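Topology and contacts: notes
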Amino acid sequence: MIIKILIGYIFGYLGLTIEGYYIERFINMCRNNKIMIWHLKRCKDVQLDFRVGIRDFKEVCKIAKKTRCKVKIKTKRGLPFLIHRYQKRKIFFILLFVIIILTIISSNFVWNVEITEENGQELENILKDVEEAGLKTGEWKAKINTKEIINKIRLQRKDIAWMGIELKGTNAIVRVVKADEKPEIINDEEYCSIISDKVGSITKINAQTGTANVKVGDTVNVGDTLINGWMEGKYTGIRYVHAKGEIQAKVWYTKYKNMPYNTTETKETGNIENQYTIKFNNFKINLHKGVSKFEIYDTIEMENKMKLFSDFYLPISILKTTYKELEKEQKIYEKEEAKDLGIQQLQEELEKEIENKESIVGKNINTYEKDGSIDVYVTYEVLENIGTNEKIVF
């Protein structure tokens, strides 16, 4: 019965009301003539609502006339009526059909490459390497070999501990885990010395195994030996060991800046201008004419890719270009103003580099006047543990 009703919707059906004293006879005659009627509902003793297919409507009218009943059309349902209703909108349906076909075709391509870096650790140029390895927008999914791409990148880059690629819809999700940079580990059984990995002044040295090569107050450079990987005994002579010890030094961090007394600074005025572009993969349609009306400006671009679902991107995106107006302002500083501003900026830069602020034990500031400017040098003395192992090669 359900299948017959579904077929009736495809071919179309009518909702009718019949009124008369011989309704039972009407129903019997319809069944005898193999006319399918359904959804029968008696409203009054002499009135009945029901549905019938379009093809049987004329026959139903003949039977109603024979049984002296009146027939009235209440509703029209089904695809024939739907098509008839929208037959003046053929262009709309043609475009809809074309869009559906293009969507089906585009689902076989990758239209977005999403890089997910675990723990917020950024990997430089990872998107460029992924594209060069064969995974880029517009690529046919059937041709993408994820294992091959992963192997290429892992061989090319040593800063990746793990990598995975997942194709979902038209979205390619690339997940990467950055490898920790660890110094070479030398086994305790191997002979090694401890060398300096920074420039500094020794404040403390304690050789647990090995022989100290420097003393407190010595200035060392990168690569200088701090503790030799050998020990000399009165009776045993020289024997090689795995050097161990604690070395502390004052390390210097220096920043330099030239501060002119008369300079031109650029700042934002607060005025902005937005321009939009429709992008079909690599083809662009500008929705604006000309360039920005501002003489001096910063440009910020944001691309919003269109998608039907969370992972079903389309080869269409809206490119928003924001122009921020800038203006030049002439600044004239007194000597002390330029000096103080330079010191402040350099101190902020240095304190961003030094993780442990409590380890700062000294600060030196030097300034040198020039013609029309002043050179500012700021040096921080930081107490740090220094030294790294180096194998002894015979």
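What comes next concerns the included structure.

Cut-offs and rules
- Residues numbered from 1 in each chain as written.
- Predicted model: local features only at pLDDT ≥ 70, side-chain atom pairs only at ≥ 80, totals over all residues.
- Heavy atoms only, no water.
- Helix = DSSP H or I, 4+ residues; strand = E, 2+ residues; numbered from the N terminus.
- Buried < 20%, exposed > 50% of the residue type's maximum accessible area, 1.4 Å probe, protein only.
- Contact = heavy atoms within 4.5 Å.
- Patch = residues over 30% accessible without salt bridge, like charges linked within 9 Å, V, L, I, M, F, W, Y side chains within 5 Å.
- Areas by Shrake-Rupley, 256 points an atom, 1.4 Å probe, with all protein chains shown as cover.
- Salt bridge = Lys/Arg side-chain N within 4 Å of Asp/Glu carboxyl O.
- Lys, Arg positive; Asp, Glu negative; His and termini not counted.
- Charge placed at Lys NZ, Arg CZ, Asp CG, Glu CD.
- Phe/Tyr/Trp six-rings, centres within 6.5 Å; stacked < 30°, edge-to-face > 60°.
- Lys NZ or Arg CZ within 6 Å of the ring centre and 35° of its normal.
- Pairing = 2+ DSSP bridges.
- Axes fitted to C-alpha atoms, helices over the stretch in contact; angles between N-to-C directions.
- Arc of directions from axis to C-beta.
- Parallel < 35°, antiparallel > 145°, perpendicular 65-115°, else oblique.
- Left-handed = near helix turned anticlockwise from the far one by under 90°.
- Nonpolar A, V, L, I, M, F, W, Y, C, P; charged D, E, K, R; others polar.

**Focus: the overall build of the chain**
Helix and strand content of the chain: 8 helices and 24 strands. When the backbone C-alpha atoms are referred to their principal axes, the chain occupies close to 135 × 70 × 40 Å. Residues counted as buried form 30% of the 394 residues belonging to the chain. Restricting the contact set of the chain to residue pairs at least 6 apart, pairs at least 24 apart contribute 67%.

**Focus: unusual backbone geometry**
Positive phi values are uncommon outside glycine, yet H39 reaches one of about 55 degrees. Mapping H39 onto the fold places it in strand β2 (residues 37–44). Accessibility expressed as a relative area gives 52% for H39, which makes it exposed. A positive phi angle, near 55 degrees, is found at R68, a position not held by glycine. By the element assignment, R68 lies in the loop between α3 (57–66) and β4 (70–77).

**Description of a negative patch on the surface**
A cluster of acidic side chains, namely E334, E336, E337 and D340, defines a negative patch on the protein surface. With respect to the element layout, E334 can be found in the loop between β21 (312–332) and α8 (335–353). With a relative accessible area of 57%, E334 lands in the exposed category.

**Looking at the packing of aromatic side chains**
One pass over the full model with this rule turns up 7 aromatic pairs. A centroid spacing of 5.8 Å and a plane angle of 35 degrees characterise the contact between F109 and W111, whose relative ring orientation is tilted. Measuring from ring centre to ring centre gives 5.7 Å for Y368 and Y377, while their planes differ by 80 degrees; the resulting arrangement is edge-to-face. Among the aromatic side chains, those forming a connected cluster through ring pairs are Y256, Y368 and Y377. Its guanidinium or amino end placed over the ring of F11, R55 lies 5.0 Å from that ring's centre, counting from NZ or CZ.

**A short note on the sheet that holds strand β8 (residues 160–168)**
Adjacent strands of a sheet form backbone hydrogen bonds with each other and so pair up, either parallel or antiparallel. Pairing within the open sheet is mixed, and its 3 strands lie in the order β6-β9-β8. Because the sheet does not close on itself, it has two edges, and the strands there are β6 (112–117) and β8. Averaged over all neighbouring strand pairs, the angle between strand axes comes to 15 degrees, with direction disregarded. Relative to strand β9 (residues 171–178), β6 runs parallel, the two sharing 6 bridges. By the bridge assignment for β9, N112 is matched with N171.

**Notes on the sheet that holds strand β11 (residues 200–209)**
Taken together, 5 strands build an open sheet; the order of strands is β13-β11-β17-β23-β22 and the sheet is antiparallel. One side of each edge strand has no neighbouring strand; the edge strands of this open sheet are β13 (219–220) and β22 (360–370). In this structure, β22 lies alongside strand β23 (residues 373–385), joined through 10 bridges in antiparallel fashion. Residue E369 lies in a different strand from β23, and its bridge partner there is I374. This element, α8, spans β17 (244–260), β22 and β23 of the sheet and lies at about 145 degrees to β17.

**As for helix α2 (residues 23–32)**
Looking at α2, one finds that the buried residues are I23, F26, I27, M29 and C30. In an axial view of α2, the angular spread of the buried residues amounts to 165 degrees, which keeps them on one side of the axis. Along α2, exposed side chains directed more than 90 degrees from the buried face belong to R31 and N32. Residues of α2 that are buried sit in contact with β1 (13–19), β2, β3 (47–53) and α3. At the exit of α2 stands K34, carrying a positive phi of roughly 55 degrees.

**Some details on the packing of α2 against α3**
Two numbers describe how α2 lies on α3: the axes approach to 10 Å, and their chain directions differ by 140 degrees. Between α2 and α3, the angle is such that the two are oblique. Crossing hand, α2 versus α3: right-handed. Taking contact as the criterion, the partners of R25, F26, M29 and C30 in α2 are, on α3, V60, I63, A64 and K66. A per-class count over the contact of α2 with α3 returns 6 nonpolar, no polar and 2 charged.

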